[in-house]
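# Reading the structure
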Amino acid sequence: NFGRSFNRGYSFSYMGSLPAQGTGNWVTPIELDPVTPSTVYIGYSKLWKSTNNGSTWSSTSQNFPTGNIDVFAIAPSNTQIIYAAINNDFYRSTNGGASWTALQISGTSSITGITVSNVNANQVWVSRSGYGNGSKVFESTNGGTTWTNISGSLPSLPANCIVFENGSLSGVYVGTDVGVYYRDATMSDWTPFFNG
């Protein structure tokens, strides 16, 4: 079940009927539209959408061929562009989830997080799980068509999540098993962001 709050988390109520078909992962991804917060998306084996705070749902597309959605992100500057990942498979939609294009990204470990620039819908980053060296964070500036490995000196541990800092020069925070790291376009590598 999912709860919703209209008073900044002081109280929660049941969000209503979840999508009638399909099931989500143990941690089912759910995201608010970054422009219209009454629009909610939830990732099952297909992406579902609610335009009334989760009271009713409609599917945006057919089932993904590779399983349940692990993570997805909606571009703040163009909410028709949505990125999704299932294990190490990466997808992009340019029509609000109605259709999806599978895109190639190097590496075999699962994608754990997706974040998108708030001013450029084609600038996207992903974090990855696993213990392999040098395969933790990838960046694309063309909507996922090509990727640059920006893992740098990140530890050989799972990178569990990634967040873009709005208004920054490509600043992103990545959460790993041992702490948070930060990097932006002015830096050649990651710096620990542990204190405070």
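See above for the structure.
Residues numbered from 1 in each chain as written. Predicted model: local features only at pLDDT ≥ 70, side-chain atom pairs only at ≥ 80, totals over all residues. Heavy atoms only, no water.

## Points about the overall build of the chain
Each helix and strand counted, the chain has zero helices and 18 strands in total. Expected size for 196 residues packed as a compact globule is a radius of gyration near 16 Å; at 17 Å, the chain falls within 12% of this value. By principal-axis analysis of the C-alpha atoms, the chain measures approximately 45 × 40 × 30 Å. When the 196 residues of the chain are sorted by exposure, 43% land in the buried category. Excluding contacts between residues fewer than 6 apart, the proportion of contacts in the chain whose partners are at least 24 apart in sequence is 36%. Of the roughly 9600 Å² of accessible surface on the chain, a fraction of 49% belongs to carbon and sulfur atoms. In the chain, 8 side chains carry a positive charge and 9 a negative one; their mean positions are 9 Å apart. (Helix = DSSP H or I, 4+ residues; strand = E, 2+ residues; numbered from the N terminus. Rg over C-alpha atoms; globule rule 2.2 N^0.38 Å. Buried < 20%, exposed > 50% of the residue type's maximum accessible area, 1.4 Å probe, protein only. Contact = heavy atoms within 4.5 Å. Areas by Shrake-Rupley, 256 points an atom, 1.4 Å probe, with all protein chains shown as cover. Lys, Arg positive; Asp, Glu negative; His and termini not counted. Charge placed at Lys NZ, Arg CZ, Asp CG, Glu CD.)

## Quick look at the sheet that holds strand 5 (residues 47-50)
Read across the open sheet, the four strands follow the order 3-4-5-6; overall the sheet is antiparallel. The strands lining the two open edges of the sheet, one partner per strand, are strand 3 (30-32) and strand 6 (58-59). Looking at chain direction, strand 3 and strand 4 (residues 40-43) are connected through three bridges and run antiparallel. Residue L32 lies in a different strand from strand 4, and its bridge partner there is V40. (Pairing = 2+ DSSP bridges.)

## Quick word on the nonpolar core
One finds F90, I111, I114 and V126 to be the most contacted residues of the largest nonpolar core, which totals 17 residues. Contributing elements (two or more residues each) for this core: strand 7 (71-74), strand 8 (82-86), strand 11 (111-116) and strand 12 (124-128). When residues in this core are grouped by element, the largest group, three residues, is from strand 11. (Core = buried A, V, L, I, M, F, W, Y, C linked by side-chain atoms within 4.5 Å.)

## Comments concerning unusual backbone geometry
When glycine is set aside, most residues are seen to have a negative phi, and most peptide bonds are trans. Despite not being glycine, N53 shows a phi value in the positive range, around 60 degrees. Taking the relative accessible area as the measure of exposure, N53 reaches 25% and is therefore partly exposed. The phi angle at N87 is positive, at roughly 55 degrees, despite the residue not being glycine.

## A look at the packing of aromatic side chains
Within this structure, the stated rule accounts for eight aromatic pairs. Between Y83 and F90 the ring centres are 5.7 Å apart and the planes differ by 25 degrees, which places this aromatic pair in the stacked class. Note on accessibility: Y83 and F90 belong to one class, buried. Centroid distance F90 to W147: 5.1 Å. Interplanar angle 90 degrees. Geometry classified as edge-to-face. With F90 in strand 9 (residues 89-93) and W147 in the loop between strand 13 (137-140) and strand 14 (148-149), this pair connects stretches of sequence that are 57 residues apart. (Phe/Tyr/Trp six-rings, centres within 6.5 Å; stacked < 30°, edge-to-face > 60°.)

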